[in-house]
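Take a look at the letters that make up each chain.
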Amino acid sequence: MEKNISFATAGNDFPIALRKKVDEYFRSNNIRQTGNLRLYLKTIILIVVCFSCYGVIVFLPFPFLLKAVLAVVFGFANAGIGFCVMHDGAHGSYSQKPWINNLTGYTLNMFGGSVYFWKIKHNVIHHNVTNVEGHDDDINLRPLMRTCEHQPYHPLHRFQHIYGIFLYSLTTIWWILFRDFLKYFSGRIASKQIGKMPFSEHLIFWLTKAHYFITFLIVPVAFMGLAKALLFYFIWNFSMGFVLAIVFQLAHVVEPTEFPVPDVANNKISHDWFYHQFATTANFATQNSIVTWYTGGLNFQVEHHLFPKISHVHYPALHKLVKELCAKYNIPYNEFPTMRGAINSHFSVLKLLGQEEHPSFNVKSNVGSLAGV
């Protein structure tokens, strides 16, 4: 069994100072770290939009052009539920009540995914070994795309900054129809063995998939006909898949972020875990309230990685505290003022990675610590 990746010890008291500052913020303002009324209202809005769009598209005799537009809205609303509701619930930050967190986490299953696999893939792996090739499955788009210099190069990658847009649109189809089954039958996610899956999760997995095929394929075909049902299915998934993929990529695959390599001998990364989160993660459009509302605060990705169990509704406030402390300790902080700037940076990375096997641009590895940055 492969040894888990470990990190060096922090070289100063930054982690202690950060935790103290954040704890004081919640204590002095007398607020809890989980969600609030704003989050619950947003949840209602997104769910109502989803059910309304589905009902109109499948059951009502509206012109198909209108239904096509609503399919895009349906896709965006689905992605919004993933960003704002499922994500907080699966991290245990939506509510103080565990059963509510479980319920909101299972909204992923409502649209065909598996929150059981997602928690392992995202909470356990991605948050601990962010951007580490061979371990962080979130950067694994091989062989069709190359997202870091440590991945094999193929001549096809020369055009990945062009065809990547189409591949991103296939995210949910590939995820729900193929990758979930690969995880289920292989018992692995990237380099990690999943372990014995509880019987209840086996049952939920198959019921989830059955619900998905019945609700989003069989029922639409019965009421709309095969051609229109398939058009609805692909328009919905293309819009949802692209939005989900691009928001993630802007947080981790942009020019300033690093892709550290652990030491071969001991599987250890030479910098500490806190430095790792700053080095491998970037924020974008943090002053844009619309982006913040829709993406569930995932544009504050740095704060999310530092405090994954705190609800996203608090990230704008934590953002100011973290930046102040980073300035005090001279810690680099990756941030793009606009979403457009982050998108341009991401596709610049894809283009550079597609030019040659070892492109010369700002991809660093295994350097730095909180003591020396």
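Here is a short report on the structure shown in this document. Predicted model, so just to flag it, every value in this text is computed and none were measured.

The next point concerns the overall build of the protein chain. Of the regular secondary structure elements, the protein chain holds 15 helices and six strands. Computed over its C-alpha atoms, the radius of gyration of the protein chain comes to 21 Å, within 12% of the 21 Å expected for a compact globule of 373 residues. C-alpha extents for the protein chain along the principal axes are approximately 65 × 55 × 45 Å. Of the accessible surface of the protein chain, which amounts to about 17,000 Å², a share of 67% is contributed by carbon and sulfur atoms. Charged side chains in the protein chain number 30 positive and 21 negative. The centres of these two groups are separated by 8 Å.

Turning to the packing of helix α9 (residues 199–224) against helix α10 (residues 226–252), a few remarks are in order. Running from amino to carboxyl end, α9 crosses α10 at an angle of 140°, the nearest separation of the two axes being 7 Å. Of the possible angle classes, the one that applies to α9 and α10 is oblique. Here α9 and α10 pass one another in a crossing that is right-handed. Seen from α9, the contacting residues are Tyr 212, Phe 216, Leu 217, Pro 220, Val 221 and Met 224; seen from α10, they are Leu 226, Lys 228, Ala 229, Leu 230, Phe 232, Tyr 233, Trp 236 and Asn 237. Grouping the constituent residues of the contact of α9 with α10 by class yields 12 nonpolar, one polar and one charged.

This part is about the environment of Val 132. Of note, Val 132 is situated in the loop between α6 (115–126) and α7 (160–169). Classification of Val 132 as buried rests on a relative accessible area of 0%. Along the chain, Val 132 and Trp 273 lie 141 residues apart, while their C-alpha atoms are 12 Å from each other. Excluding residues within four positions of it along the chain, Val 132 makes contact with Ile 5, Ile 139, Pro 260, Pro 262, Ile 269 and His 276.

The end-to-end C-alpha separation of helix α14 (residues 315–329) is 20 Å, in line with the 21 Å expected for 15 residues at 1.5 Å each. Those residues of α14 not exposed but buried are Tyr 315, Leu 318, His 319, Leu 321, Val 322, Leu 325, Cys 326 and Tyr 329. Structurally, α14 contributes buried residues whose contacts are with α1 (14–29), α11 (273–280), β5 (283–284), α13 (301–306) and β6 (335–336). Of the residues one or two after α14, Asn 330 is the one with positive phi, at around 60°.

Rules behind the numbers
Residues numbered from 1 in each chain as written. Predicted model: local features only at pLDDT ≥ 70, side-chain atom pairs only at ≥ 80, totals over all residues. Heavy atoms only, no water. Helix = DSSP H or I, 4+ residues; strand = E, 2+ residues; numbered from the N terminus. Rg over C-alpha atoms; globule rule 2.2 N^0.38 Å. Areas by Shrake-Rupley, 256 points an atom, 1.4 Å probe, with all protein chains shown as cover. Lys, Arg positive; Asp, Glu negative; His and termini not counted. Charge placed at Lys NZ, Arg CZ, Asp CG, Glu CD. Axes fitted to C-alpha atoms, helices over the stretch in contact; angles between N-to-C directions. Parallel < 35°, antiparallel > 145°, perpendicular 65-115°, else oblique. Left-handed = near helix turned anticlockwise from the far one by under 90°. Contact = heavy atoms within 4.5 Å. Nonpolar A, V, L, I, M, F, W, Y, C, P; charged D, E, K, R; others polar. Buried < 20%, exposed > 50% of the residue type's maximum accessible area, 1.4 Å probe, protein only. Expected span 1.5 Å × (residues − 1).

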